[in-house]
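Listed below are the residues making up each chain.
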Amino acid sequence: MNRREAAKQHAVEAMPREACGLLVIVKGRERYWPARNLAVGTDQFILDPHDYLAAELSGDIVAVVHSHPSLPCTPSQADQVSCEASGLPWHIVSVPSGQWHYMEPTGYQAPLVGREWSHGVLDCYSLIRDWYAKECGIALPDFTRRDEWWLRGENLYVEHFREAGFIDIDPSDIRPGDGVLMRVISPVTNHGAVYLGDNRIIHHVQSRLSCRDIYGDFWRQRTTHVLRHENHYSVG
């Protein structure tokens, strides 16, 4: 069975969830290396790091493969961002149609406004990181985020904002470029935004496109922290 047939068979067996794997050169031959998908739900994949390590120890990893069940093989924004992060070519197979798409890293960056939601790849914290990088030249650390971490006894924003270089400030002193943390249908702080000034924020709400929004009563009442980065005081 060739690598495409093996990858498609794995994808069909995994339906309705996405399948994921790697193309690996083992003893001079390219083979498909199936991996476990650790993601929750059916619309994304998280390749098991133990399977990645096993593949790496067995040969040379040359590409990532994953499936789009009952959807076209066209890459999503999250696929393009993740392809860039991996530094590897990607193959996407649509099942059951069997259509394929191939892509390589090209320097793609998701837009700040209008990006699609994909937890851990394109979410509210990803938007905050990308905004600070683009608008301020500040590189914020990334953190592993499990699906619905806010319901699993984790409090990632509050636990890590100091590590990321932020200090907690008086909300009455909010300035353009400050971070805003909020609690939305959650026992802990689980949403973040950047304050743009003039009562406007930019943020990314789950299952919606990222957007600029009014920082009115709805969001103010849910605000738990206003943060300022130690290397940034205001913009504009």
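Preceding this section is the structure that the text describes.
Residues numbered from 1 in each chain as written. Predicted model: local features only at pLDDT ≥ 70, side-chain atom pairs only at ≥ 80, totals over all residues. Heavy atoms only, no water.

Draft legend 1. Representation of the environment of Met 103 within the structure. Relative to the helices and strands, Met 103 is located in strand S5 (residues 100-103). A relative accessible area of 10% places Met 103 in the buried class. Between the C-alpha atoms of Met 103 and Arg 17, which are 86 residues apart in sequence, the distance is 22 Å. The residues contacting Met 103, other than those within four sequence positions of it, are Pro 75, Asp 79, Gln 80, Cys 83, Pro 89, Trp 90 and Ile 92. (Helix = DSSP H or I, 4+ residues; strand = E, 2+ residues; numbered from the N terminus. Buried < 20%, exposed > 50% of the residue type's maximum accessible area, 1.4 Å probe, protein only. Contact = heavy atoms within 4.5 Å.)

Draft legend 2. Layout of the sheet that holds strand S8 (residues 191-197). Strand order across the open sheet formed by six strands is S6-S11-S7-S8-S9-S10, with antiparallel pairing between neighbours. The open sheet has two free edges, formed respectively by strand S6 (166-169) and strand S10 (211-214), since each of these has just one partner strand. Taken over all neighbouring pairs, the strand axes of this sheet differ in orientation by 35 degrees on average, direction set aside. Of the pairings in the sheet, the one linking S8 to strand S9 (residues 200-203) comprises four bridges and is antiparallel in character. Along S9, the bridge assignment pairs Gly 197 with Arg 200. The sheet contacts of helix H4 (residues 124-136) involve S6, strand S7 (179-182), S8, S9 and strand S11 (223-229), and relative to S8 the element is tilted by about 35 degrees. (Pairing = 2+ DSSP bridges. Axes fitted to C-alpha atoms, helices over the stretch in contact; angles between N-to-C directions.)

Draft legend 3. Fine view of the packing of aromatic side chains. This structure, assessed with the given rule, holds nine aromatic pairs. Arranged with centres 6.0 Å apart and planes meeting at 80 degrees, the rings of Tyr 125 and Tyr 157 form a pair that is edge-to-face. Of the two residues, Tyr 125 is situated in helix H4 and Tyr 157 in helix H5 (residues 156-160); the sequence distance between them amounts to 32 residues. Across the pair, Tyr 157 and Tyr 125 agree in class, each one buried. Their ring planes at 85 degrees and their centres at 5.3 Å tell us that Trp 149 and Trp 150 sit as a pair that is edge-to-face. Trp 150 carries the same exposure label as Trp 149, and that label is buried. Positioned above the aromatic ring of Phe 218 is the side chain of Arg 222, whose terminal nitrogen or guanidinium carbon lies 3.7 Å from the ring centre. (Phe/Tyr/Trp six-rings, centres within 6.5 Å; stacked < 30°, edge-to-face > 60°. Lys NZ or Arg CZ within 6 Å of the ring centre and 35° of its normal.)

Draft legend 4. Summary view of the sheet that holds strand S1 (residues 20-26). Taken in spatial order, the five strands of this open sheet run S2-S1-S3-S4-S5, and their pairing is mixed. Of all strands in the sheet, those with a lone pairing partner are strand S2 (29-35) and S5, marking the two edges. Taking the axes of each pair of neighbouring strands and ignoring which way they run, one obtains an average angle of 25 degrees across the sheet. As judged from the six bridges shared by strand S3 (residues 60-69) and strand S4 (residues 90-95), these two strands associate in the parallel manner. In the strand pairing of S4, Val 65 is matched with His 91. Sitting on the sheet, helix H1 (residues 3-14) touches S1, S2, S3, S4 and S5, and the angle it makes with S2 is about 10 degrees. Strand contacts of helix H3 (residues 77-86): S3, S4 and S5, with the helix running at about 145 degrees to S4, the strand carrying the most contacts.

This is a description of form; function is not addressed.
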